[in-house]
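# Structural overview for review
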Amino acid sequence: MMTSPDRRLVLLILSALLLWGGIAQAEDLEGRVLRKILPNGLTVLLLERPLSPTVSLYIRYRAGAADDPDGRTGTAHLLEHMLFKGTETIGPLDPAGDAELLERIFQVGGELDRERARGDQADTGKVKDLIARLEDLQSRHRKTFKSNEIDRLYSMNGAVGLNASTGQDVTTYHVSLPMNRIELWARIESDRMIRPVFREFYAERDVVQEERRQRTDTDPGGLLYERFMAAAFISHPYRRPILGWPSDLAFLDPTVLRSFLLHHHAPNNTVIAVVGRIRTDDVIRLIERYFGDIPRQAPLFGHLTEELTQRGERRVRVEFDARPQVMIGWHKPALPHFDDYVFDVIEALLSRGRTSRFYQKLVEETGVAESAAAASSLPGSRYPNLFVFFGTPRDPHTPEALEKAVQAEIAILQKEPVPEKELEKVKNRMRADYIRELASNEGLASKLSYYEAIAGDWRYITGHLKVIDRITPADVQRVARTYLVPENRTVGVLEKKP
């Protein structure tokens, strides 16, 4: 019978073998990922995994909320929703009626928006009349097309994980399909790049406004996050909410979305990743056939307002009928700056798992926090961003007590080098987590496309672990002393209404 020490030894050996195999697999990616750039600028990444029966497909556009036009926040996110509304060839039952009624809907909807934008000066009778006309047109229009046809096509062909998301940096569409359905994906995705039809536009705009009410206006955590980011960033677009400011979102129109689509969802601003049981030559030919004729677009004027250098601590206080919450953020560089890697280590050291410093000190030992976590790159990764602490004080402790406890842990990081043994343990956990994320087709397609879009080279994945290995206790101490200082700090506190 195997004794406990024997079992631990066996587990250690198995863990080491698994970790070694994972690292070898990650490094092996450099010889297995095929990267091809089409003449129109579309970047395609392909990875064969012959043992897997399915294929994961990611499309990422290098466009997110940070790219929204001024006064039009929420554009990237609403466009993400609208691209599920079908195309000129997907969805119409009566193509002529579909197009004619849609044009009239946009005319009446635009007139209604202009009248409403007059605020107190709006003609209420005219508004009432326009609403009635719009509802009539929308009712007649619904008979000319099949709603949710893209979802239906994917579902009836075995799709798994169909979804889309909009962040500050990128907009993403992804799905996993049986290997013999890749052409269906190519047809749908190329069609909605160039021939989308914004059916149900005003109804969907209402849906997004409701989404904002649920996720921000009536959610204490969402509201604190929004106000915190708006305080931490004064001039950079990262201060904008992804869902948009209410007064912008209420007046977004199809013209703005079409312009955004043309310039930001262009092939030369797009990365496709395909991972699974594929023949790379066949998939390349398929992508060339469906995406190759989509014209590239001249990049928009590329100037982006930079964030002003912080000149002292900023504070924001939000009142809400909910339990207190605390956020603390410090400005830091974005990838591929070396210090960004160091912050990845600091995040893991402070908050990853129950052996992390925040959990051990704030939750277990002192009980000042009910929860305590950190994130190393918010709200995005394309531009200089924030290292952020999130926490909830445990009753009867106050937000001030939690803030003080966090600062005490930061002070230890600045004064005392991290013990080598603790640092190595953190690195091992990071390696294991990183490799685990690359185990599935979907995880690989996600990582490949993300880093190609954000860092400009998917090989950031394989380089990441090598850089992490080089980080020393002195690096952690230097970065903590440089960035985690009061004059670079923003504090957000959500407090219960008196």
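To start, this report covers the structure provided alongside it. Predicted model, so just to flag it, every value in this text is computed and none were measured.

What follows is about the sheet that holds strand 8 (residues 325-332). Pairing is mixed in the open sheet, where five strands are placed in the order 7-11-8-10-9. Looking at the sheet topology across the chains shown, the edges are occupied by strand 7 (314-320) and strand 9 (369-378). Strand-to-strand twist across the sheet, computed as the mean angle between neighbouring axes with direction ignored, equals 15 degrees. Strands strand 8, strand 9 and strand 10 (385-393) of the sheet are contacted by helix 12 (residues 338-351), whose axis makes an angle of about 170 degrees with strand 9. Against the sheet, helix 14 (residues 399-415) makes contact with strand 7, strand 8, strand 9, strand 10 and strand 11 (489-496), and its axis sits at roughly 35 degrees relative to strand 8, the strand it touches most.

If you trace the backbone, Ser 351 turns up in helix 12. Looking at Ser 351, the relative accessible area reads 16%, which means it is buried. For Ser 351, the residues in contact, after removing those within four places along its chain, are Ser 356, Phe 358, Ala 372, Ala 373 and Ala 374.

So, about the side chain of Asp 344. Here Asp 344 lies in helix 12. For the buried Asp 344, which has no salt bridge, the nearest side chain bearing the opposite charge is Lys 332, at an N-O separation of 6.3 Å. At 2.9 Å, the side chain of Asp 344 and the side chain of Ser 376 are in polar contact. Setting aside its immediate chain neighbours within four residues, Asp 344 contacts Ser 376, Met 430, Tyr 460, His 464 and Ile 468.

Before going further, it helps to examine helix 6 (residues 182-194). Taking 1.5 Å of rise per residue, 13 residues should cover 18 Å, and helix 6 covers 19 Å from first to last C-alpha, within 8% of that figure. Across the 13 residues of helix 6, 10 count as buried, placing the element largely inside the fold. Those residues of helix 6 lying buried are Ile 182, Leu 184, Trp 185, Ala 186, Ile 188, Glu 189, Ser 190, Asp 191, Arg 192 and Met 193. Elements in contact with the buried residues of helix 6: strand 3 (54-61), helix 5 (149-156), strand 5 (171-178), helix 10 (254-264), strand 6 (270-276) and helix 11 (280-291).

For helix 5, the complete set of buried residues consists of Glu 149, Ile 150, Leu 153 and Tyr 154. Axial view of helix 5: buried residues confined to an arc of 135 degrees, hence all on one face. Turned more than 90 degrees off the buried face of helix 5, the exposed positions are Ser 155 and Met 156. On the buried face of helix 5, the contacting elements are strand 4 (160-166), strand 5 and helix 6.

At a minimum axis separation of 7 Å, helix 14 and helix 18 (residues 473-483) run at an interaxial angle of 130 degrees. The orientation of helix 14 relative to helix 18 falls into the category oblique. Along this stretch, helix 14 crosses helix 18, giving a crossing that reads as left-handed. Where helix 14 approaches helix 18, its residues Leu 413, Gln 414 and Lys 415 are matched on the opposing element by Val 476, Gln 477, Ala 480 and Arg 481. Among the residues forming the contact of helix 14 with helix 18, the class breakdown is three nonpolar, two polar and two charged.

Once that is clear, we can look at the pattern of salt bridges. The final tally for this structure, using the stated rule, is 44 salt bridges. Arg 240 serves as the salt-bridge partner of Asp 70, at 2.5 Å between the closest nitrogen and oxygen. Linking Asp 70 in the loop between strand 3 and helix 2 (75-82) with Arg 240 in the loop between helix 8 (220-232) and helix 9 (246-249), this pair joins segments that are 170 residues apart in sequence. The exposure class assigned to Asp 70 is exposed, which follows from its relative accessible area of 68%. Judged by its relative accessible area of 13%, Arg 240 falls in the buried class. Close ionic contact of Glu 204 with Lys 85 constitutes a salt bridge, the shortest N to O distance being 3.0 Å. Of this pair, Glu 204 sits in helix 7 (residues 201-217) while Lys 85 is found in the loop between helix 2 and helix 3 (95-116), placing the two residues 119 residues apart along the sequence. The same class applies to Glu 204 and to Lys 85, which are both buried.

What counts and what doesn't
- Residues numbered from 1 in each chain as written.
- Predicted model: local features only at pLDDT ≥ 70, side-chain atom pairs only at ≥ 80, totals over all residues.
- Heavy atoms only, no water.
- Pairing = 2+ DSSP bridges.
- Helix = DSSP H or I, 4+ residues; strand = E, 2+ residues; numbered from the N terminus.
- Axes fitted to C-alpha atoms, helices over the stretch in contact; angles between N-to-C directions.
- Contact = heavy atoms within 4.5 Å.
- Buried < 20%, exposed > 50% of the residue type's maximum accessible area, 1.4 Å probe, protein only.
- Lys, Arg positive; Asp, Glu negative; His and termini not counted.
- Salt bridge = Lys/Arg side-chain N within 4 Å of Asp/Glu carboxyl O.
- Polar contact = N/O pair within 3.5 Å; in protein donor to acceptor, adjacent residues only side chain to side chain.
- Expected span 1.5 Å × (residues − 1).
- Arc of directions from axis to C-beta.
- Parallel < 35°, antiparallel > 145°, perpendicular 65-115°, else oblique.
- Left-handed = near helix turned anticlockwise from the far one by under 90°.
- Nonpolar A, V, L, I, M, F, W, Y, C, P; charged D, E, K, R; others polar.

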